[in-house]
Amino acid sequence: MADSAAGGTPESDGRRGRRLLRLLGGSLRVSWQASRPLFLTMLALQVLVAGALAGQVLVVSALLDVLLGLAEGSGGLASVTGPVLALAALTGLATVAGGLQASARRVLGEHVARLMAEEVQEVATSVPLEHFESATFYDRLQRVRVNALSRPFQVTQGMFDLLGSSIATVGVGAALVALHPVLLPLLALGGLPLLVTGRREGRLEFAFRVAQTTNERERIYTNYVQSSRDEAKEIRAFQSAPWLQARYRELYGTYLADLARHVRRRALTNGVGNLAAAVVLAGVLLVLAWLITRGEVTFSEAGAAVVAVRMLQGQIQGIFGGVQQIFESGLFLDDVHAFLTDGRAAARAADGSEEPPAAFPGVFAHGVSFTYPGSRRPALRDVDLALRPGEVVALVGANGSGKTTLAKLLAGLYEPTSGTVLWGDRPLAGMRGAAVRSQVAVIFQDFVHYAYTATWNIALGRTDVPVDHKRVRRSARVSGVDDALAGLPDGYESRLSRMFPGGTELSGGQWQRVAIARAFYRDAALVILDEPTAAMDPLAEHDLFSSLRATLDGRTALFVSHRFSTVRSADRIVVLDDGAVVEQGSHDELMALDGAYAEMFTVQARSYLDGASAPTNGRAEASATDRTT
Ligand SMILES: Nc1ncnc2c1ncn2[C@@H]1O[C@H](COP(=O)(O)OP(=O)(O)OP(=O)(O)O)[C@@H](O)[C@H]1O
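Cut-offs and rules
Residues numbered from 1 in each chain as written. Predicted model: local features only at pLDDT ≥ 70, side-chain atom pairs only at ≥ 80, totals over all residues. Heavy atoms only, no water. Helix = DSSP H or I, 4+ residues; strand = E, 2+ residues; numbered from the N terminus. Patch = residues over 30% accessible without salt bridge, like charges linked within 9 Å, V, L, I, M, F, W, Y side chains within 5 Å. Areas by Shrake-Rupley, 256 points an atom, 1.4 Å probe, with all protein chains shown as cover. Salt bridge = Lys/Arg side-chain N within 4 Å of Asp/Glu carboxyl O. Lys, Arg positive; Asp, Glu negative; His and termini not counted. Charge placed at Lys NZ, Arg CZ, Asp CG, Glu CD. Buried < 20%, exposed > 50% of the residue type's maximum accessible area, 1.4 Å probe, protein only. Domains from an automatic or database assignment. Near = heavy atom within 4 Å. Polar contact = N/O pair within 3.5 Å; in protein donor to acceptor, adjacent residues only side chain to side chain. Nonpolar A, V, L, I, M, F, W, Y, C, P; charged D, E, K, R; others polar. Core = buried A, V, L, I, M, F, W, Y, C linked by side-chain atoms within 4.5 Å.

The name given to the protein chain in an unreviewed UniProt entry is ATP-binding cassette, subfamily B, with the source organism recorded as Krasilnikoviella flava.

Structure follows, in structure tokens:
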């Protein structure tokens, strides 16, 4: 993704202006889409408040006139009633409308936040997986996650403030011009310094946030690690809390030092702007006094002018405040906009348009190499592999030899750096990703433990059709977890996380069976299981694999395992070493070859045999030995 939005590439004023206009339009559109009635209510109330403020000046002027008349002995108390009631009504109107507007703002703000959160989620869940290999992407995602929720509405709010203040300014300004024409232009001058300093403040804020994103993410992570359930036991066991706390303090310390510098610079800029505005205000009041001494305005007019000047000062600051808010939020919105458009473009570019055949045609790797982004060493080198319909293939090899990476490529989750993955006889890259993926069920070693109910932990395997409870149970039965789930306090409706009230927790092996059930529930033609049984006890693993073929019911399967008792039952075993296929064939063929596979198999089998006489865990080991030899 382009980094320009994060870095602030030099740009001409014209382009910046056009971009700002586009962003303003975009933010208004989002607020409008989020809730039309609330948008219109806010707009109407804003106009009402502004009108009431402008009306107040005129009424004050009339009231002062009447009061002066009273002081000079003309008119009775009744003449004051009208303007006083009008002033009270206008003040009440402005206050009530202002209060209602604040409530409407709050609710509309949440509607906008929801809409934007959904857009960010849509992009974050559809960008090619490579993005998650890049720290720049995480930085951007973090900024966008925070800013997408609030900034679009802040821009709308800024525009509303601007509109309201402009209406009030025109109204009050007209009253002021009527009092004396020179007062308004003088007062407007006071806003100029605020405009300049406001822009600078916006830029300072954006640059500060961009510079702090990585620190912020590590702080969030360090905080999360210390307060989340999975890490809690290890932190206690390893007594790593002091180090984590020191790391957090160090990160926060750096942030606070930077923040202090930033706040000083911002306050200085802001102070200069406001000082200049105050000087202009003082100048206007002096001019007013001078006009009174010259007899150009009457005392009651001067009184109304003082009120108008005070109100106008507030409104003009409102205008420039609105402009500043728009400008500052505009920079963040630009970042959000670029994230969304770049993300969508990347998702589109990575997706093909061809429909895959309805029946799974087999998947074939030809000369496939793959290097993770930012990595110098290839994870796969010139791999050829065929996975024909109905075959059960096992991938074996040492840690880091490339098994998971190959599984990801065959599932269409990554594209090869060079070489081709064919779906049948056509390149996988040209096909519609969603259509291909609907033919694949894949469970990785680090599968997700969803903090939802047992039913949903399985039914998330296929969400494009309504949940089928019978199939959920059937899948759980096949993976051997049905009894455990049915026996939970709320059966299949028990939430599998203690994070939420009434939640419960499963063992590692039970979780793994739930994940396998999710893969079976998907009912896909190609099933990829990456170390599916590592946490299962040997008997459970034996049961699963002895019935795997019946369960697969003619489906194609690729599984990764370090347990050779499991591997030997595959039609074909593919041995990877340092990213390359070094051997492949059936168990008997590979044993006869007496190469890498035979060595790994024999070492594992011997270690089981050597340990068989040990008194601990005898049953499991003896059982494993039975099956590996
Ligand atoms: N996201 C990643 N970014 C960079 N390098 C990676 C990434 N994931 C894996 N690697 C590297 O790619 C190589 C192959 O990793 P892979 O996970 O495919 O191995 P594996 O055979 O599945 O290992 P294991 O048996 O430990 O699960 C390793 O050298 C690993 O360090």
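This part covers the environment of V392. Along the chain, V392 turns up in strand β3 (residues 392–397). Considering only alpha carbons, one finds V392 and T556, 164 residues apart in sequence, at a separation of 5.8 Å.

Turning next to a positive patch on the surface. A grouping of R199, R200, R203 and R265 is seen on the molecular surface, where their side chains present a positively charged patch. With three residues, the single largest contributor to the positive patch is helix α7 (residues 191–227). Looking at where R199 falls in the secondary structure, it is placed in helix α7. Judged by relative accessible area, R199 falls into the partly exposed class, the value being 32%.

Moving on, we come to unusual backbone geometry. Unusually for a residue other than glycine, D382 sits at a positive phi of about 50 degrees. Along the chain, D382 turns up in strand β2 (residues 380–387). Residue classification places D382 among the exposed positions, given a relative accessible area of 54%.

So, on to the domain arrangement of the protein chain. Its domain assignment divides the protein chain into domain 1 (17–211 + 247–342) and domain 2 (440–523). The gap between the C-alpha centroids of domain 1 and domain 2 is 51 Å.

Taken together, the neighbourhood of the ligand is formed by 14 residues, with E133, G400, K403, T404 and T405 sitting nearest. The backbone of G400 places a nitrogen or oxygen atom 2.9 Å from an oxygen atom of the ligand. T405 places a side-chain nitrogen or oxygen 2.4 Å from an oxygen atom of the ligand. Taken by itself the ligand offers 640 Å² of open surface, and the protein chains cover 65% of this. For the shell around the ligand, the per-class residue count stands at three nonpolar, eight polar and three charged.

The tally for this structure, following the rule as stated, stands at 23 salt bridges. Notably, a salt bridge pairs R247 with E250, separated by 3.3 Å at the nearest N-O pair. Taken together, the residues span about one helical turn, with R247 and E250 both in helix α9 (residues 241–293) at a distance of three residues. A cluster of three or more residues bridged by salt bridges with shared partners is formed by R140, R143, D335 and D342.

Moving on to the nonpolar core. Formed by 45 residues in total, the largest nonpolar core has its most connected members in I458, L485, I573 and Y597. Element by element, the count of residues in this core is highest for helix α16 (residues 508–522), at eight residues. V383, L409, A411 and L558 belong to the second-largest nonpolar core, a separate cluster that totals 31 residues.

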